[in-house]
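Per-entry structural report
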Amino acid sequence: MGLYSRARRSSDSESRGDGNRVLNSCFRCAGAFTLACQLVWPTATLAQGSDGELTFDVRSAQSGSTAPVVRRGGPQVPPRRGVGYRLYFAADFTSMLAADTFAAVTGSSHVTAFGGAAELLRVWRGLFLHGGATYAAPAGERVVVFNDTVVPVGIPLEIRMLPIEAAAGWRIETGRTRAVGAYAAAGLFRLGYRESSAFAATGDEVDKSFTGYLVLAGLDLTMGKRLVAGIEGQYRSVPNAIGQLGASRAYGESDLGGITARVLIGIRK
Amino acid sequence: MRRILLTVVAGLSVVVLARDGLEAQRAARTLPAVPVAAPSTAVPRGPSPVVVQTSTDSVVAAERAARMDGFAEARRLGVNYVPGEVLLKFKRGTTVAAQQRVLAAVKTRTTTGQLRWIGDVARFVDRSLPYSDQTAALLALQSEVEFAQPNYIRRLPARVSPRTLPMPVGAIPEGVPNDPGYADLQWNFSILNMPRAWDISPGGSPGIIVAVVDTGLTTENTTLVRTLWTGSRFESVTMPFQVSPDLAGSRVVLPRDFVFELGTRVLDFDGHGTHVASTIAEDANNAVGLAGIAYQVKIMPVKVCTGYWEEMIDRASRGIPGTIPPDFGECPVDAIVAGIRYAVDNGAKIINLSLGGPDSSQAEFEAIQYAVQHGVFVAAAMGNSGDEGNPTEYPAGFAALTGFMSVGSTNKAQKRAVYSSFGAHLEIMAPGGEFTGVGDDEGYVWQMTLDPFDQDPHLTNRPRFDRYGVIGYLGTSMATPHVAGTAALLMSRGITDPKLVEAVIKGSALDLGPAGRDDQFGYGLVQPRAALFGFGVAR
């Protein structure tokens, strides 16, 4: 087993500078991710290098050593790299803030979406720009809600949600090959929201767009030269998007956002 | 004031009549109750289907005469029950001997064998004990008795328009039924967005039966020749009856008369029952008359109320001269109970009760409970006493029963009609009309029913019941069938549990007045379209 250690921190980690200090707490998150990696790649070992960055030491893992790996010979500062990118496909699993409403209409308060994103990395130091979109089409049935009673009326309801997101954040990459990345960002998204069903008359269908905000944080792991996989958590909010009519009114729920767990796989450079 | 009356005659001929105005208020038609089979031996009884005795003419005549005597006595005494009649329920397991001991407590000659049974409720009759409230109180003291109450009399909370209307002619707007009166007169359906509701459930399903427990709906074309007092002497009067020209006979099933003829033929001597049935199920899109809400469902006419003419016929048959007050009619609770149980046991899924009275009846409560427990939704009128002291009326007062709804009345402006009773037991509102004098409809609820001028005692002593017209009524009697019809549409869409039907109707109602439920509007105005269409996440 490899261990996660903090042997020492470099005082001359000039290439990280303030960014590392600001995002120091992300290392703790990286610790958790490391443990997860141990489950997936039990022969791999992560260690923190002399410059304070996490390294991914396969050799120690292969040798079966359990001792922390401490780099010798002084800090190793990777050469500064130019602007990179990350492209990925994503699967989102969102627990809707309007949980009761979605549970009543779709039978679940969770929504699954698929999509993708593109990111420009190292725009300036750790700064990255993020843009992406996902698509969800949960199937449901129109209902009448009275107190705690939900009565489906037998008319299918199609819901389509297409959030287009834009965000900016800070990313750190660790390891000798910068294989592990941790990042956090905040931004806005535009949510295209549609509801349609049979027997709808003029004004019954919903086809609107709402602006919401999101914050996200994630970890990824680069495997080989380009392949990247990761997980990400998001909090999205679209206040006052619903709640005036419909089942959401009965529940007093007005936010079309949610808490999202995203699994991603793609390429990066 | 002269009024123009255009009546659609049975057979669809049209007659224009000029009439002097007369505010014919039939605020109360009451009708007598019907006899049900008496058990040959009074053994302990549990819930059981109503079995209507096959009555011979003499039995029917005797029973009818007894009822009419009871009503006359009620008028004389000024009481709201049938004198000498008590509805009582023995505790389970009470033996015949014990039942007889109970009866002995009131020093009656009536034996257990003479009790008339309606399910597990016995109708006790002893005309020598006219003050039924006192008799019931004595019986209730007996340890073997679960409850004993007078056989109360219910009324029909409706008022009829002083005129009929000519059938509108002209272009029929797109998207509405082609019934000629729909666009101009049925404001109540426009408020409820019925055309869009019919997109989802076009008139409901023929498999759904709605029981109209009321004055009846004429089920056959026939002619009665009866002796009537015509003001100065008895005369043989020919009274023709015809079925409604705008409610297909094939959709009228399992009729039952519990108060007058006591058989399977039902004749409406009043028009109230036909108006109510028409609101629920009048034919639509047939280019005749008006439309009903659930124009595909079946109607079960259950006659539990009698009116002026039934009583006049009975009096004359017994040689009693003279007349009775013209606005009189009775719906005894024992007949209502029998009618409800009959409807439940014969496949009705919805029961409409456009009747009520100020006295709570446990027998009536248990009958409604029996209905709900057997999957039958029940709607009842709140009453028309909102501007007359607003007493709680029953059966609407039993609104706490889930699957049973009390219905108040709104006007065209979607305000509570001034007459509509209100209170903590009010659950839902529906259009019942309120006189405005504005427009063709004048604020009434219009449906095709018997032309009231053919039976108005002020105008004729030779009534006929074969001519139908577009007639305006108002009252919570008229509001109630809107809810019953909505329930029929919902059941046609597969929502068959009466408790869920109530939840849907409440959950889809248009909130009126203060936000949320209130005593003036209940949960708001019934919205058939919203109930059928339901709601998505956002809309």
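Residues numbered from 1 in each chain as written. Chains lettered and ligands numbered in written order. Predicted model: local features only at pLDDT ≥ 70, side-chain atom pairs only at ≥ 80, totals over all residues. Heavy atoms only, no water.

Another point: the overall build of chain A. Assigned secondary structure in chain A consists of five helices and 11 strands. Burial analysis of chain A (269 residues in total) assigns 48% to the buried set. Across chain A, the fraction of contacts at a sequence separation of at least 24, relative to all contacts at a separation of at least 6, is 64%. Carbon and sulfur atoms form 60% of the exposed surface of chain A, whose accessible area is close to 12800 Å². (Helix = DSSP H or I, 4+ residues; strand = E, 2+ residues; numbered from the N terminus. Buried < 20%, exposed > 50% of the residue type's maximum accessible area, 1.4 Å probe, protein only. Contact = heavy atoms within 4.5 Å. Areas by Shrake-Rupley, 256 points an atom, 1.4 Å probe, with all protein chains shown as cover.)

Bridge analysis of strand β9 (residues 222–229) of chain B against strand β10 (residues 234–241) of chain B gives eight bridges, and the strand direction is antiparallel. Bridge pairing in β10(B) places T227(B) opposite S236(B). (Pairing = 2+ DSSP bridges.)

To continue, consider the interface of chain A and chain B. Counting residues at the interface gives 33 residues for chain A and 23 residues for chain B. Summed over both partners, the interface of chain A with chain B comes to about 2300 Å²; 64% of that surface belongs to carbon and sulfur atoms. Applying the counting criterion to the chain A and chain B interface returns one salt bridge. With its nearest N and O atoms 2.7 Å apart, the salt bridge here joins D204(A) to R529(B). Counting the contacts that link chain A with chain B gives 12 residue pairs in polar contact (both at pLDDT 80 or more). If you list the elements that add at least two residues to the side of chain A that touches chain B, you get α4 (99–106), β6 (139–146), β7 (149–174), β8 (180–197), β9 (206–223) and α5 (246–251) of chain A. No other element matches β7(A), which puts eight residues into the side of chain A that touches chain B. Here the side of chain A that touches chain B is built from residues that sort into 21 nonpolar, seven polar and five charged. (Buried area = accessible area lost by both parts, 1.4 Å probe. Salt bridge = Lys/Arg side-chain N within 4 Å of Asp/Glu carboxyl O. Polar contact = N/O pair within 3.5 Å; in protein donor to acceptor, adjacent residues only side chain to side chain. Nonpolar A, V, L, I, M, F, W, Y, C, P; charged D, E, K, R; others polar.)

With that settled, consider the sheet that holds strand β6 (residues 145–154) of chain B. Residues and elements named next belong to chain B. The strand order across the open sheet formed by five strands is β4-β5-β3-β6-β13, and the pairing between neighbours is antiparallel. Either end of the sheet is taken by a strand with one partner, and the two such strands are β4 (116–118) and β13 (331–332). As paired elements, β6 and β13 share two bridges and run antiparallel to each other. Looking at the pairing, R154 lines up with C331 of β13. Strands in contact with helix α3 (residues 132–140) are β3 (81–90), β5 (121–125) and β6; relative to β3, the strand with the most contacts, it is inclined by about 15 degrees. Set on the sheet, helix α10 (residues 362–373) makes contact with β3, β5 and β6; between it and β6 the angle comes to about 95 degrees. (Axes fitted to C-alpha atoms, helices over the stretch in contact; angles between N-to-C directions.)

We now examine the environment of G169(A). Residues and elements named next belong to chain A. By secondary structure assignment, the location of G169 is in strand β7. Between the C-alpha atom of G169 and that of F189, which follows or precedes it by 20 residues, the distance is 15 Å. Not counting residues within four places of it along the chain, the set of residues in contact with G169 comprises G126, L127, F128, A184 and A185.

Here we come to the state of the cysteines. Any covalent bond linking the sulfur atoms of two cysteines counts as a disulfide. Residue and element names in this part refer to chain B. All told, the structure shown has one disulfide over all chains when counted by the stated rule. Across the disulfide, C305 is cross-linked to C331 (sulfur-sulfur distance 2.1 Å). Handedness here is read from the sign of the S-S torsion; for C305 and C331, about 110 degrees, the answer is right-handed. Taken as a pair, C305 in the loop between β12 (298–303) and α8 (308–317) and C331 in strand β13 lie far apart in primary sequence, 26 residues in all. (Disulfide = S-S within 2.5 Å.)

All names here are of chain B. Buried residues dominate β6, accounting for nine of its 10 residues. Pairing of β3 with β6 involves six bridges; the strand directions are antiparallel. Bridged to V86 within β6 is P150.

What follows concerns the packing of aromatic side chains. One pass over the full model with this rule turns up 20 aromatic pairs over all chains. With 5.7 Å between their ring centres and 80 degrees between their planes, F128(A) and Y183(A) make a pair best called edge-to-face. Of the two residues, F128(A) is situated in strand β5 (residues 127–135) and Y183(A) in strand β8; the sequence distance between them amounts to 55 residues. Classification of F128(A) as buried rests on a relative accessible area of 0%. Note on Y182(B) and F189(B): the rings are 6.2 Å apart at their centroids and 50 degrees apart in plane angle, and the pair reads as tilted. Residue F189(B) is classed as buried on the basis of its relative accessible area of 0%. An aromatic cluster is defined as three or more aromatic residues linked by ring pairs; in this entry it consists of Y182(B), F189(B), W198(B) and Y295(B). Lying over the aromatic face of F260(B), R64(B) brings its terminal NZ or CZ to 4.2 Å of the ring centre. (Phe/Tyr/Trp six-rings, centres within 6.5 Å; stacked < 30°, edge-to-face > 60°. Lys NZ or Arg CZ within 6 Å of the ring centre and 35° of its normal.)

Residues and elements named next belong to chain B. Taken as a whole, chain B is organised into domain 1 (25–154) and domain 2 (159–533). Here the C-alpha centre of domain 2 lies 27 Å away from the C-alpha centre of domain 1. The interface is formed by 44 residues belonging to domain 1 together with 57 residues belonging to domain 2. Here domain 1 meets domain 2 over a buried area of about 4000 Å², counting both sides, of which 56% is carbon and sulfur. For the pair domain 1 and domain 2, the number of links is seven salt bridges. Residues E364 and R154 are paired through a salt bridge, measuring 2.4 Å at the closest nitrogen-oxygen approach. (Domains from an automatic or database assignment.)

With that out of the way, let us pick up a nonpolar patch on the surface. Taken together, the side chains of L97(A), L188(A), Y213(A), V215(A), Y235(A) and I259(A) make up a nonpolar region of the molecular surface, amounting to roughly 520 Å² of accessible area. Secondary-structure assignment places L188(A) in strand β8. (Patch = residues over 30% accessible without salt bridge, like charges linked within 9 Å, V, L, I, M, F, W, Y side chains within 5 Å.)

Residues and elements named next belong to chain B. Core analysis: the biggest nonpolar cluster contains 78 residues, and F269, V304, I340, I351, L353 and I368 have the highest contact counts within it. Element by element, the count of residues in this core is highest for helix α9 (residues 333–345), at nine residues. When we break this core down by domain, the ones giving at least three residues each are domain 1 (25–154) and domain 2 (159–533). Ranked by size, the runner-up nonpolar core spans 69 residues in total, among them A396, M478, V483 and F521. (Core = buried A, V, L, I, M, F, W, Y, C linked by side-chain atoms within 4.5 Å.)

Residues and elements named next belong to chain A. Within α4 the residues assigned to the buried category are T101, F102, A104, V105 and T106. Relative to the axis of α4, the buried residues are bounded by an arc of 165 degrees and lie together on one face. The inward-facing, buried residues of α4 abut β3 (84–96), β4 (110–124), β6, β7 and α5. Note on α4: the residue one or two positions beyond its end, G107, has a positive phi of about 85 degrees. (Arc of directions from axis to C-beta.)

All names here are of chain B. Among the structural elements, A122 can be located in strand β5. A C-alpha to C-alpha distance of 9.5 Å links A122 and A363, two positions 241 residues apart in sequence. When sequence neighbours within four positions are dropped, the list of residues in contact with A122 reads V86, L87, L88, L115, R116 and W117.

Residue and element names in this part refer to chain B. For the peptide bond that leads from Y394 to P395, omega is 15 degrees, which places it in the cis range. Within the element layout of this structure, P395 appears in the loop between β15 (377–381) and β16 (404–410). You will see that L262, though not glycine, has its phi angle at about 60 degrees, which is positive. With a phi close to 60 degrees, N285 is a non-glycine residue in the positive phi region. Mapped onto the elements of the fold, N285 is located in the loop between α7 (272–281) and β12. Here N285 falls in the partly exposed class, since its relative accessible area comes to 44%.

Applying the stated criterion to the full structure yields 41 salt bridges over all chains. E119(A) is the partner of R86(A) in a salt bridge, and the nearest nitrogen-oxygen pair spans 2.7 Å. With a gap of 33 residues between them, R86(A) in strand β3 and E119(A) in strand β4 connect regions that are remote in the sequence. Residue class for R86(A) comes out buried when judged on its relative accessible area of 0%. In this structure, the salt-bridge partner of R265(B) is E220(B), at a minimum N-O distance of 3.2 Å. Separated by 45 residues along the polypeptide, R265(B) in the loop between β11 (256–257) and α7 and E220(B) in the loop between β8 (209–214) and β9 bring together distant segments of the chain. One network of salt bridges, in which partners are shared, links R86(A), E119(A), R122(A), R171(A), E173(A), D220(A) and R268(A).

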